[in-house]
Amino acid sequence: MTPPTKITLLLEDCLAMVFPDVPRKQLCHASINSLAEWDSLATLTLVSVIEETFKRQIPLDDLEEFLSFELILAYLSRPALRAAA
């Protein structure tokens with residue numbers, strides 16, 4: 001098993017801030033479909049936390065990709081975004 005990347009750990013921190021009642025080891029499997037508390041307001045809060053943590057502005061058009069930990073990780077791992085993280 002490979003160790004988590006810096007991006008993965010930072011993203012886990014972001015989700016932990018927004019969803020403090022979810023056990024940390026479950027966050028990497030979290031999605032809008034698996035967490036009842038993950039609604040549109042939680043998505044906006046999460047995006048705000050991610051923007052602050054990663055020092056990136058997320059375009060509104062990209063919010064449709066913020067539906068799960070995996071999708072967000074893939075989004076943040078894109079080379080253009082990763083270079084600034």
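Preceding this section is the structure that the text describes.
This one's a predicted model, so the numbers in the text were calculated from it and none came from an experiment.

Calculation notes
- Residues numbered from 1 in each chain as written.
- Predicted model: local features only at pLDDT ≥ 70, side-chain atom pairs only at ≥ 80, totals over all residues.
- Heavy atoms only, no water.
- Buried < 20%, exposed > 50% of the residue type's maximum accessible area, 1.4 Å probe, protein only.
- Helix = DSSP H or I, 4+ residues; strand = E, 2+ residues; numbered from the N terminus.
- Arc of directions from axis to C-beta.
- Salt bridge = Lys/Arg side-chain N within 4 Å of Asp/Glu carboxyl O.
- Polar contact = N/O pair within 3.5 Å; in protein donor to acceptor, adjacent residues only side chain to side chain.
- Contact = heavy atoms within 4.5 Å.
- Phe/Tyr/Trp six-rings, centres within 6.5 Å; stacked < 30°, edge-to-face > 60°.

1. Considering helix α3 (residues 69-76)
For an α-helix, 3.6 residues make a turn, and residues three or four places apart therefore share a direction.
And then number 1: Along α3, the residues that are buried comprise Phe69, Ile72, Leu73, Tyr75 and Leu76. Within α3, the buried residues cover an arc of 160° as seen down the axis, which keeps them to one side.

2. Focus on the pattern of salt bridges
And then number 1: A complete count under the given rule lists three salt bridges for this structure.
And then number 2: As a salt-bridge pair, Glu12 and Arg24 come within 3.6 Å of each other at their nearest N and O atoms. A residue pair is termed long-range when its members are at least 10 positions apart, and Glu12 in helix α1 (residues 6-18) and Arg24 in the loop between α1 and α2 (40-54) qualify at twelve residues.
And then number 3: Ionic pairing is found between Asp13 and Arg24, a salt bridge with its closest N-O pair at 2.5 Å. Of the two residues, Asp13 is situated in helix α1 and Arg24 in the loop between α1 and α2; the sequence distance between them amounts to eleven residues.
And then number 4: When salt bridges that share partners are traced, they join Glu12, Asp13 and Arg24 into one network.

3. Considering the side chain of Thr8
And then number 1: If you trace the backbone, Thr8 turns up in helix α1.
And then number 2: At 2.9 Å, the side chain of Thr8 and the side chain of Thr5 are in polar contact.
And then number 3: Setting aside residues no more than four positions away along its own chain, Thr8 makes contact with Phe69 and Leu73.

4. What about the packing of aromatic side chains?
And then number 1: For the structure shown, the criterion picks out two aromatic pairs.
And then number 2: Taken together, a centroid distance of 5.3 Å and an interplanar angle of 40° make the contact between Phe19 and Trp38 tilted. Here Phe19 is found in the loop between α1 and α2, whereas its partner Trp38 is found in the loop between α1 and α2, with 19 residues between them in sequence. As far as burial versus exposure is concerned, Phe19 and Trp38 are alike and both buried.

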